[in-house]
Amino acid sequence: MHELSVAQEIARTVLRIASEKGAKGITRIEVEVGKLTFLGIDQLRFWLEACLEGTIGAGSKLVFREIDPVVRCRTCGYEGGIKEVEVDPALHLMLPSLECPTCGSTDVEIVSGRDCLIRRVELSI
Ligand SMILES: [Zn+2]
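What you are looking at is a predicted structure, and each value in this text was computed from that prediction instead of being measured.

Engineer: I would appreciate a short explanation of the coordination of the zinc ion in the present structure.
Structural biologist: In ideal tetrahedral geometry, four donors around a metal make angles of 109.5 degrees, whereas ideal octahedral geometry with six donors gives angles of 90 or 180 degrees. For the zinc ion, the full set of protein donor atoms is C73 (SG), C76 (SG), C100 (SG) and C103 (SG), and the range of their distances to it is 2.3 to 2.4 Å. With 4 donor atoms in place around the zinc ion and angles of 108 to 114° between them, the coordination shape is tetrahedral. Going along the chain, you hit the donors of the zinc ion in the pattern C-x2-C-x23-C-x2-C. For C100, a relative accessible area of 1% puts it in the buried group. Overall, C103 belongs to the partly exposed group, its relative accessible area being 38%.

What follows is the structure, given as structure tokens:
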């Protein structure tokens, strides 16, 4: 139910922006979802549509973009993507590994991929 609370937060924020601008409607909402948030895009879309139902945001186009994780290694200075490890081969379940792909150190800092951000909101005024 993580997706529901995130969707509610997005809906609240875009509706606040729309009302501050005196908009009549919301035509498009673009959201960036970091892979490390482990949010399901389909569920997020479902809940966001549900949260916007009956508001000026109903029927707006929802665009979700997945953001690949980027880490910075404190040991060797590597900065870039991370590798994914298969945790359950039977289920083909892949999880990002927070380990430096170059030196294997776990002393890494997450640069991006942990956030869910509203990138853009298009309003009809
Ligand atoms: Zn490293």
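Engineer: How should I be thinking about the environment of R65 in this particular structure?
Structural biologist: Mapping R65 onto the fold places it in strand β2 (residues 61–67). Residues R65 and V31, 34 residues apart in the sequence, show an inter-C-alpha distance of 6.3 Å. Sequence-distant contacts of R65, defined by excluding residues within four places in its chain, comprise E30, V31, E32 and V33.

Engineer: Please explain a nonpolar patch on the surface as it appears in this structure.
Structural biologist: A cluster of nonpolar side chains, contributed by F38, V85, V87, L91, L93 and L95, occupies part of the molecular surface with about 540 Å² of accessible area. The set of elements that each furnish at least two residues to the nonpolar patch consists of β5 (84–88) and β6 (93–96). When you line up the elements, V87 lands in strand β5.

Engineer: Can you walk me through the environment of C51 in this structure?
Structural biologist: Secondary-structure assignment places C51 in helix α2 (residues 41–52). The exposure class of C51 is partly exposed, given its relative accessible area of 22%. Each C-alpha atom of the pair C51 and I10 lies 9.0 Å from the other, and the pair is 41 residues apart in sequence. Excluding residues within four positions of it along the chain, C51 makes contact with L4, A7, Q8 and A11.

Engineer: It is not clear to me how unusual backbone geometry should be interpreted in this structure. Could you clarify?
Structural biologist: The residue F38 is not glycine, and still its phi comes out positive at about 55°. Relative to the elements of secondary structure, F38 occurs in the loop between β1 (25–34) and α2.

Engineer: What is the right way to read the domain arrangement of the protein chain from this model?
Structural biologist: How big an interface is tends to be stated in terms of the accessible area lost upon association of its parts. When cut into domains, the protein chain gives domain 1 (2–69 + 112–124) and domain 2 (70–110). The gap between the C-alpha centroids of domain 1 and domain 2 is 28 Å. Taken residue by residue, the interface counts 6 residues in domain 1 and 9 residues in domain 2. Three residues stand out in domain 1 for area buried against domain 2, namely L36, P69 and S112, and they jointly supply 64% of the buried area on that side. Summed over the shared surface of domain 1 and domain 2, the number is 0 salt bridges. At the boundary of domain 1 with domain 2, the tally comes to 1 residue pair in polar contact (both at pLDDT 80 or more). Partitioned by chemical class, the residues of the side of domain 1 that touches domain 2 number 3 nonpolar, 1 polar and 2 charged.

Rules used in this analysis
Residues numbered from 1 in each chain as written. Predicted model: local features only at pLDDT ≥ 70, side-chain atom pairs only at ≥ 80, totals over all residues. Heavy atoms only, no water. Donors = N, O, S within 2.8 Å, 3.2 Å for Na, K, Ca; no water. Tetrahedral: all angles 85-135°; square planar, octahedral: opposite > 155°, others 65-115°. Buried < 20%, exposed > 50% of the residue type's maximum accessible area, 1.4 Å probe, protein only. Helix = DSSP H or I, 4+ residues; strand = E, 2+ residues; numbered from the N terminus. Contact = heavy atoms within 4.5 Å. Patch = residues over 30% accessible without salt bridge, like charges linked within 9 Å, V, L, I, M, F, W, Y side chains within 5 Å. Areas by Shrake-Rupley, 256 points an atom, 1.4 Å probe, with all protein chains shown as cover. Salt bridge = Lys/Arg side-chain N within 4 Å of Asp/Glu carboxyl O. Domains from an automatic or database assignment. Buried area = accessible area lost by both parts, 1.4 Å probe. Polar contact = N/O pair within 3.5 Å; in protein donor to acceptor, adjacent residues only side chain to side chain. Nonpolar A, V, L, I, M, F, W, Y, C, P; charged D, E, K, R; others polar.

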